[in-house]
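Next come the chains, spelled out residue by residue.
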Amino acid sequence: MAQIITIGEILVEVMTKKVGQKFDQAGEFVGPFPSGAPAIFIDQAAQCGSSAMIISAVGKDDFGKLNLTRLEQNGVDISRIKVLDDETTGVAFVTYYENGDRDFIFHIAKAACGAVDENDITEELFLECNYFHIMGSAIFNEPIYKAIIKGMELAAHNGSLITFDPNVRKEVIKDEEKRRKLVHILNESQIILAGEDELYYLTGEAEEEKSVKELLAQKAEIVIIKRGRLGASMYTKEGVTHVEAYPVKEVDPTGAGDCFAGTFVSAINQDIVPIKALRLATIAGAKAVTQKGPMEGNSTLTELSEIYKALYK
Ligand code: ATP
């Protein structure tokens, strides 16, 4: 079994060819690209050299095959991805606007990946697990939420750490039930990797330092705030460290946060100290945005280490 385990959606992403292209009229698209936030995370964790597994499901179709082939090639344990005869693989359509905003149409909850439940979570999965990584995007139906909670209980029982990327957009705060579930996971996590406004969306506390302090006073040991082209900050009980972004030309921002998290968790799993793991993750996040397609800019630890050596002698 694996040292890093995640759970959640596997899908293909299809993107509009033009910036500003709308979904309510005909247009050209590019893709399919392998995708799904947990899939991007686990692909990167494996590429960085950790044993890594995803619990998910795809349909018995070419979109499923595209993902399975990519993940397996990059070293992910795909033995817990169900291939379902009667379901189709999830799909996300994405369009970008001049101001950097994105719109998505997701086909997830009623696709194959929506068929994951508590029965897919078994005790032996966690015997070698060091990190159980949860993404907020994976909580798209009740059965998968229950599966995540069962996984968290088994992980905690086994001494694995919970790592959490809330991956939440402001729309979610209108869904009180979902917000409550995400806050529960947040409070149980030892390592939190959040976007700039996500703690505010979840806790209602506008002051970043205050909400981070409250988390560090509970179960959290590390809280990282991802700031896009402004880099990232890491809070621990000892204080805060900021790392500037590695400068690149941004082509496609989707997946940067998942790639960042996959790098960080994979690095600390290999006993790389947190500050170096943070710097490597920042380089990985930057590399991720230079390629079209959410998983296309993922990197190996060797590639990241070369840039690291040039930056931090
Ligand atoms: P997503 O939800 O799209 O996966 P996110 O909001 O979770 O992304 P970001 O903050 O966008 O996460 O990106 C993660 C990290 O990647 C940042 O903290 C930064 O280090 C790096 N990064 C992202 N965008 C850029 C960029 N344009 N230039 C350089 N580095 C970037």
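Okay, so let's go over this structure. Please read all numbers here as calculations on a predicted model, not as lab measurements.

Description of the nonpolar core
Among the nonpolar cores identified, the biggest contains 49 residues, and I5, I7, F126, F132, I148 and V223 are the most heavily contacted of them. When residues of this core are assigned to their parent elements, the largest contribution, eight residues, is made by helix α3 (residues 142–158). Ignoring anything within four residues of it in the chain, the contact list for I148 reads I7, F132, I134, A138, I139 and I185. Counting residues in hydrophobic clusters, the runner-up holds 47 residues, among them I4, F260, I268 and Y308.

Structural notes on the site of the ligand
Taken together, 23 residues sit near the ligand, with K226, G228, G231, E250 and G257 positioned nearest. In the environment of the ligand, an oxygen atom lies 2.9 Å from a nitrogen or oxygen atom belonging to the side chain of K226. A distance of 3.4 Å separates an oxygen atom of the ligand from a polar atom in the backbone of R227. For the ligand, whose unbound accessible area comes to 630 Å², protein coverage reaches 91%. Residue assignment for the shell around the ligand shows that the elements contributing at least two residues are α7 (256–269) and α8 (274–288). The element contributing the most residues to the shell around the ligand is α7, with four residues. Here the shell around the ligand is built from residues that sort into nine nonpolar, seven polar and seven charged.

Quick notes on helix α2 (residues 62–73)
Quick reminder: α-helices carry 3.6 residues per turn. Residues three or four places apart thus point the same way. Over its twelve residues, α2 extends 16 Å from the first C-alpha to the last, a length consistent with the 16 Å expected when each residue adds 1.5 Å. Looking at α2, one finds that the buried residues are G64, N67, L68 and L71. Down the axis, α2 shows its buried residues gathered within 95 degrees of arc, on one side only. Opposite the buried face of α2, by more than 90 degrees, sit the exposed residues D62, K65 and Q73. Just downstream of α2, G75 is the residue with a positive phi angle, here 100 degrees.

Comments concerning the sheet that holds strand β2 (residues 11–16)
Strand order in the open sheet made by the four strands is β3-β2-β7-β8, with mixed pairing throughout. Either end of the sheet is taken by a strand with one partner, and the two such strands are β3 (29–35) and β8 (102–107). Pairs of neighbouring strands in the sheet enclose a mean axial angle of 20 degrees, with direction left out of account. Sheet topology note: the β2/strand β7 (residues 90–96) ladder contains five bridges and is parallel.

Quick look at the side chain of D120
By secondary structure assignment, the location of D120 is in the loop between β8 and β9 (131–135). For D120, a relative accessible area of 14% translates into the label buried. Of note is the side chain of D120, whose polar atom sits 3.0 Å from the side chain of K82. The contact partners of D120, leaving out residues within four places of it in the chain, are I55, R80, K82, A115 and L125.

Reading the values: rules and limits
- Residues numbered from 1 in each chain as written.
- Predicted model: local features only at pLDDT ≥ 70, side-chain atom pairs only at ≥ 80, totals over all residues.
- Heavy atoms only, no water.
- Core = buried A, V, L, I, M, F, W, Y, C linked by side-chain atoms within 4.5 Å.
- Buried < 20%, exposed > 50% of the residue type's maximum accessible area, 1.4 Å probe, protein only.
- Helix = DSSP H or I, 4+ residues; strand = E, 2+ residues; numbered from the N terminus.
- Contact = heavy atoms within 4.5 Å.
- Near = heavy atom within 4 Å.
- Polar contact = N/O pair within 3.5 Å; in protein donor to acceptor, adjacent residues only side chain to side chain.
- Areas by Shrake-Rupley, 256 points an atom, 1.4 Å probe, with all protein chains shown as cover.
- Nonpolar A, V, L, I, M, F, W, Y, C, P; charged D, E, K, R; others polar.
- Expected span 1.5 Å × (residues − 1).
- Arc of directions from axis to C-beta.
- Pairing = 2+ DSSP bridges.
- Axes fitted to C-alpha atoms, helices over the stretch in contact; angles between N-to-C directions.

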